[in-house]
Amino acid sequence: MERLSLSNAAFEGDNNAYLFADGSAVTLIDTGDWMATTREQLETALFQHGLGLADIDRILLTHWHHDHCGLAGEIQAESGADVYVHTDDAALVEGDEAAWNAMDDRYQQSFEEWGMPEDKQTTLRERLTDGETTVETPTVTTFEDGETFSVTGIDLEVVHTSGHAAGLCMFETEMDGERQVFSGDALLPVYTPNVGGADIRVDRPLEKYLRALQGIVDADYDRAWPGHRTPIDDPAGRAQYIIEHHEERSWRVLDALDRRGPCDAWTVSADLFGELEDIHILHGPGESGAHLEHLAREGTVVREGAEYRLADGVADTLAELDEERWELAF
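Residues numbered from 1 in each chain as written. Predicted model: local features only at pLDDT ≥ 70, side-chain atom pairs only at ≥ 80, totals over all residues. Heavy atoms only, no water.

Novice: I'd like a rundown of the nonpolar core, residues and numbers included.
Specialist: Most often, soluble globular proteins keep nonpolar side chains buried together rather than apart. If you look at the biggest cluster of nonpolar residues, it comprises 76 residues, and the most contacted ones within it are Leu28, Leu42, Ile59 and Leu282. Looking at which element gives the most residues to this core, the answer is helix H8 (residues 235-260), with seven residues. Each of domain 1 (2-95 + 133-233) and domain 2 (240-320) contributes no fewer than three residues to this core. Setting aside residues up to four positions removed in sequence, Leu42 forms contacts with Leu4, Leu6, Leu28, Thr31, Leu53, Leu71 and Ile75. Counting residues in hydrophobic clusters, the runner-up holds 16 residues, among them Phe20, Ile29, Val151 and Met175. (Core = buried A, V, L, I, M, F, W, Y, C linked by side-chain atoms within 4.5 Å. Buried < 20%, exposed > 50% of the residue type's maximum accessible area, 1.4 Å probe, protein only. Helix = DSSP H or I, 4+ residues; strand = E, 2+ residues; numbered from the N terminus. Domains from an automatic or database assignment. Contact = heavy atoms within 4.5 Å.)

Rendered as structure tokens:
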């Protein structure tokens, strides 16, 4: 297996594509984004292994986001490669018009529910459509949780980890005598993957993502190969850190409601993240909304229209918290 590092202007850092070249079917996990520079980098990396795009037989996608599947269509057009993705993300990867129209409707509904200002909606829509309409889309074959793919003498087992994206999957394997996992965006070494905004189709995104993280903790992998940046040598520790990060964020959401009184997700996101620009206009209120909905289902917060307030008695509980524990939330 070779990790191919591909440039990415997004904040998560360089993308990774993973190459399995020694078996009967040359396989890639993820492709990077659709930019010409990324294609050139991928072609250069393949050439160093005596390969070209036309030699790729199979592509396994972790999820539908364009920085992970952006070149799948171009590679398939050149090589005839089979492209595999989880059922929940298949329509988006294929560029299905009805699926993308439904996504557009969900965006508008979410913007209104979050209380996003009109000028921010305009800026965000320009960002969401920039360049993506030129992506050549592939025909895909779907897979489900628990299916396996054989590559270069090892088996990759699909682990569905919904939350950041509806169809987000990892591929776990035994490699070099260790339990390892290709974690996509389920587990990243620096940033905590966004929930709520990164895929607005996901119902209960925070609940599902926390369940996925606990699964990584329980699996206790020896190493994770993430969708961005460098390998993770303590996947369980990193997953536990992100679980605790979201617990602390929930405390900050409660504090915002305690200080402000009833307010919408956009207002809470200002407390959490400050002024939002670029794609963070989507990610900020999306994650705030995910936490607010999660707290509402737990009964700590009450939703009234587009606004949320602390449930009766919660403010008194917050006031009684031990000062040292409260400080841990910031």
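Novice: Please provide a residue-by-residue account of the domain arrangement of the chain, values included.
Specialist: If you check the domain split of the chain, you get domain 1 (2-95 + 133-233) and domain 2 (240-320). Using C-alpha coordinates to define each centre, domain 1 is positioned 31 Å away from domain 2. With 19 residues of domain 1 at the contact, the number on the domain 2 side is 15 residues. Carbon and sulfur atoms supply 71% of the area that domain 1 and domain 2 bury against each other, a total of about 1,500 Å² over both sides. At the junction of domain 1 and domain 2, the tally comes to one salt bridge. The partner of Glu207 in a salt bridge is Arg297, with the nearest N and O atoms 3.9 Å apart. Viewed at the interface, domain 2 and domain 1 are joined by four residue pairs in polar contact (both at pLDDT 80 or more). (Buried area = accessible area lost by both parts, 1.4 Å probe. Salt bridge = Lys/Arg side-chain N within 4 Å of Asp/Glu carboxyl O. Polar contact = N/O pair within 3.5 Å; in protein donor to acceptor, adjacent residues only side chain to side chain.)

Novice: Outline the packing of aromatic side chains, listing residues and values.
Specialist: This model, assessed by the stated rule, comprises ten aromatic pairs. Ring centres of Phe143 and Phe171 lie 5.8 Å apart, and the angle between their planes is 70°; this geometry places the pair in the edge-to-face category. Of this pair, Phe143 sits in strand E6 (residues 140-143) while Phe171 sits in strand E9 (residues 169-175), and the two are 28 residues apart along the sequence. Put simply, the rings of Tyr18, Phe20, Phe182 and Trp225 pair up and form one aromatic cluster. (Phe/Tyr/Trp six-rings, centres within 6.5 Å; stacked < 30°, edge-to-face > 60°.)

Novice: So what's going on with the sheet that holds strand E3 (residues 27-29)? Residues and values would help.
Specialist: Pairing is mixed in the open sheet, where six strands are placed in the order E1-E2-E3-E4-E5-E6. With one partner strand each, in any of the chains shown, strand E1 (2-6) and E6 form the two edges of the open sheet. Taking each pair of neighbouring strands and ignoring which way they run, the sheet shows an average axis angle of 25°. Relative to E3, strand E2 (residues 15-20) is paired through three bridges, and the arrangement is antiparallel. Residue pairing in the sheet places Phe20 in a bridge with Thr27 of E3. Along the sheet, helix H1 (residues 36-47) contacts E1, E2 and E3; its crossing angle with E1, the most-contacted strand, is approximately 155°. (Pairing = 2+ DSSP bridges. Axes fitted to C-alpha atoms, helices over the stretch in contact; angles between N-to-C directions.)

Novice: Describe the pairing of E2, and please don't skip the residues or the numbers.
Specialist: Extensive coverage of E2 is indicated by the burial of six of its six residues. Every second residue of E2 is oriented toward a common face, with Asn15, Ala17 and Leu19 on one face and Asn16, Tyr18 and Phe20 on the other, all of them buried. Sheet topology note: the E1/E2 ladder contains five bridges and is antiparallel. Paired with Ser5 across the bridge in E2 is Asn16. In this structure, the hairpin formed by E2 and E3 is closed by a connection of six residues.

Novice: Describe the side chain of Ser162, naming the residues involved and giving the relevant values.
Specialist: Positionally, Ser162 belongs in the loop between strand E8 (154-160) and E9. Separated by 3.4 Å, the side chain of Ser162 and the backbone oxygen of Ala166 make a polar contact.

Novice: An account of unusual backbone geometry is requested, with residue identities and associated values reported.
Specialist: Trans peptide bonds make up most of the peptide bonds, and negative phi angles are found at most residues other than glycine. If you check the backbone angles, Asp30 has positive phi at about 65° while not being a glycine. Along the chain, Asp30 falls in the loop between E3 and H1. Of note, the phi angle at Asp278 is positive, near 55°, even though the residue is not glycine. We classify Asp278 as partly exposed; its relative accessible area is 42%.

Novice: Describe the pattern of salt bridges, and please don't skip the residues or the numbers.
Specialist: The tally for this structure, following the rule as stated, stands at 21 salt bridges. Measuring nitrogen to oxygen at the nearest pair gives 2.7 Å for the salt bridge that ties Asp89 to Arg201. Here the residue Asp89 occupies a position in the loop between strand E5 (82-86) and helix H4 (90-93), and Arg201 occupies one in the loop between strand E10 (178-184) and helix H7 (205-219), the gap between them amounting to 112 residues. Residues Glu275 and Lys120 are paired through a salt bridge, measuring 2.8 Å at the closest nitrogen-oxygen approach. Of this pair, Glu275 sits in the loop between helix H9 (265-273) and helix H10 (280-298) while Lys120 sits in helix H6 (residues 118-129), placing them 155 residues apart in sequence. Using a relative accessible area of 10% as the deciding quantity, one classes Lys120 as buried. In this structure, a network of salt bridges that share partners links the residues Arg39, Glu43, Glu74 and Glu78.

Novice: I'd like to hear about the side chain of His245, residue by residue, with values.
Specialist: Position of His245 relative to the elements: it lies in helix H8. Using a relative accessible area of 16% as the deciding quantity, one classes His245 as buried. In contact with His245, not counting residues within four places along its chain, are Thr192 and Glu287.

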